[in-house]
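Okay, here's what each chain looks like letter by letter:
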Amino acid sequence: MSERVRFAPSPTGYIHVGNTRTALVNYLCAKQTGGSFILRLDDTDSERSTEAYAEAIREDLTWLGLQWDETFAQSERMENYATAVDRLKANGRLYACYETPEELELKRKVQLSRSLPPVYDRAALELSDADKAALEEEGRTPHWRFKLDHQTVQWEDGIRGTVEVDLASLSDPVLVRADGTLLYTLPSVVDDIDYGITKVFRGEDHVTNTAAQIQVYEALGGSVPSFSHHALLTGAQGEGLSKRLGSLSIRDLRAQGFEAMAINALLARLGTSDPVEPFTSLDPLVESFDESHMSRSSARFDPAELSALNAKVLHHMSFDQVADRVPAEVDEALWQTLGPNLNRLGDLQDWLAIIHGPVTPVVDDADFLSEASGLLPEGDWDDDTWKAWTGAVREQTGRKGKGLFMPLRQALTGLDHGPEMKHMLPLIGPERTKARLRGEAA
Ligand code: GLU
């Protein structure tokens, strides 16, 4: 079935690895089923939501390649929510409550001291019209609660299996605050109905909301989407991600030079029974996505794992996939030479600096290098030159293997590892090669 799904961040901050994973599973599900991925901005909190964050979210999703098919902001739809509020009032599901936060807190304390669950006691349902008028006379304005039907709600969760929640164990949720502003619960349901959402993928922190919201969909005459609640990500040590969100925002990872596809490839497979693989496009992730492979226990996000995967992803990338992001001098041949040595794309600069110099050569045995220098071939250098040269050096000095190659590499690059020397030698060229073999920085 082609699914209509939505990713619904609040534009009150940057997206991070935790909610990006939610975006990604929604995207993969939409693409796999030929459905639609909708970006909804939950911006009813006008104090904390900003257009700058909304724009940043769009930019980050675009950078990740998670292009949405439709988008809207909740702030554009206040009239629709007002209509829904009226409808719930008219059918008796929304009732006015007048308790102050302090009074509610006192009720909770009394309940807890009697070992009772701290569930709202529905005292407001007993108020007569005269009582309400008197309270309003006192200057109180009501907040509005949704009257739950005290049943056990059950759904087949795509990840958690059969979930049952006894609604008698929950307080009737407040949908409208005393100042008239809305809590998240109602707008989300109204949007899901109006946008024909068929499936809701979100974090397991929403399981209780789902139980209550199922009755709100029904009370508004909407069809109830299917639900899949994924476990939350934690940090590498199992700590809550919230502490580290700054450094794990997509912005930040991008600024650190990570590939979008490394982030996608890791987040799509973390906490699943499928292996993490260095995919360079979303297609194989779309094809292989299976929510039933997602674990119910939390998955750890380890930046070290992302770093290692990033290198592998780069090593699998074709020149076309990086062409518009590399320095102009890097052509396909140079990419083939340098690409396999990169951890981040930005490392290209380091290897280009080694080609162009100056490099401080590492010299252990100056005599050997001088002897080798005397054997450098004349004429134009190409990828065969290194073999011809080191063959001649072997012949004359009797050195072989590491004892032959390592001093040459160290002198020419200043390092003991790096791209294949047969490609590097012609790039470094005769002049710099000779100088470096003399131990000069060049
Ligand atoms: N804005 C909500 C959140 O970020 C959306 C939850 C939902 O997907 O319904 O938690």
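Residues numbered from 1 in each chain as written. Predicted model: local features only at pLDDT ≥ 70, side-chain atom pairs only at ≥ 80, totals over all residues. Heavy atoms only, no water.

Trainee: What should I look at first to understand the packing of helix H3 (residues 78-90) against helix H6 (residues 185-194) in this one?
Mentor: For any two helices packed against each other, one specifies the crossing angle of their axes together with the interaxial distance. Packing of H3 against H6 leaves a shortest axis separation of 10 Å and a crossing angle of 105°. Classified by the interaxial angle, the pair formed by H3 and H6 is roughly perpendicular. Here Asn-80, Tyr-81, Ala-84, Val-85 and Leu-88 of H3 lie close against H6, whose contacting residues are Leu-186, Pro-187, Val-190, Asp-191 and Asp-194. Residue classes in the contact of H3 with H6 are distributed as seven nonpolar, one polar and two charged. (Axes fitted to C-alpha atoms, helices over the stretch in contact; angles between N-to-C directions. Helix = DSSP H or I, 4+ residues; strand = E, 2+ residues; numbered from the N terminus. Parallel < 35°, antiparallel > 145°, perpendicular 65-115°, else oblique. Contact = heavy atoms within 4.5 Å. Nonpolar A, V, L, I, M, F, W, Y, C, P; charged D, E, K, R; others polar.)

Trainee: Help me understand the packing of aromatic side chains, please; the structure alone is not making it clear to me.
Mentor: Tallied over the full model, the rule gives eight aromatic pairs. Geometrically, the ring pair formed by Tyr-217 and Phe-227 is edge-to-face, given 6.3 Å between the ring centres and 65° between the ring planes. Here Tyr-217 is found in helix H7 (residues 207-219), whereas its partner Phe-227 is found in strand E10 (residues 226-230), with ten residues between them in sequence. The pair formed by Tyr-217 and Phe-227 is uniform in burial state, with each residue classed as buried. Through successive ring pairs, a cluster of aromatic residues spans Trp-155, Tyr-217 and Phe-227. Over the ring of Tyr-120 we find Arg-145, and its NZ or CZ is 3.8 Å from the ring centre. (Phe/Tyr/Trp six-rings, centres within 6.5 Å; stacked < 30°, edge-to-face > 60°. Buried < 20%, exposed > 50% of the residue type's maximum accessible area, 1.4 Å probe, protein only. Lys NZ or Arg CZ within 6 Å of the ring centre and 35° of its normal.)

Trainee: When you look at the site of the ligand in this model, what are you seeing that I'm missing?
Mentor: In the vicinity of the ligand, the residues found are Arg-6, Ala-8, Ser-10, Arg-40, Asp-42, Tyr-184, Ser-188, Arg-202 and His-206. Tyr-184 is positioned such that a nitrogen or oxygen atom in its side chain is 2.5 Å from an oxygen atom of the ligand. Within the contact set of the ligand, an oxygen atom lies 2.8 Å away from a side-chain nitrogen or oxygen of His-206. Its residues placed into classes, the shell around the ligand shows two nonpolar, three polar and four charged. (Near = heavy atom within 4 Å. Polar contact = N/O pair within 3.5 Å; in protein donor to acceptor, adjacent residues only side chain to side chain.)

Trainee: Sorry if this is basic, but what is going on with helix H4 (residues 101-113) here?
Mentor: The periodicity of an α-helix, 3.6 residues per turn, causes residues three or four positions apart to be oriented the same way. Helix length check: H4, at 13 residues, gives a terminal C-alpha distance of 18 Å against a target of 18 Å (1.5 Å per residue), a fit within 8%. The first or second residue beyond H4 is Ser-115, which carries a positive phi of 60°. (Expected span 1.5 Å × (residues − 1).)

Trainee: Looking at this structure, I do not really get the side chain of Gln-410. What am I missing?
Mentor: Position of Gln-410 among the secondary structure elements: in helix H17 (residues 401-413). Here Gln-410 is in contact with Pro-361, Val-362, Asp-364, Leu-415 and Asp-416, once residues within four sequence places are set aside.

Trainee: Honestly, the sheet that holds strand E3 (residues 70-73) in this entry has me stumped. Any pointers?
Mentor: The strands making up a sheet associate through backbone hydrogen bonding, with each pair oriented either parallel or antiparallel. Taken in spatial order, the three strands make up an open sheet running E1-E2-E3, and their pairing is parallel. If you trace the sheet from one side to the other, it starts and ends with strand E1 (4-7) and E3, each paired once. Strand-to-strand twist of the sheet, defined as the mean angle between neighbouring strand axes without regard to direction, takes the value 25°. In this structure, E1 lies alongside strand E2 (residues 36-41), joined through four bridges in parallel fashion. Paired with Arg-4 across the strands is Ser-36, a residue of E2. (Pairing = 2+ DSSP bridges.)

Trainee: Looking at this model, I keep getting lost on the sheet that holds strand E5 (residues 143-146). Mind explaining?
Mentor: Spatial ordering of the open sheet is given by E4-E5-E8, a layout of three strands whose pairing is antiparallel. Single-partner strands in this sheet number two, and they are strand E4 (94-97) and strand E8 (174-176). For this sheet, the mean angle separating the axes of adjacent strands, direction not counted, is 45°. The pairing of E4 with E5 spans four bridges and is antiparallel. Across the sheet, the residue bridging to Leu-94 is Phe-146, located in E5.

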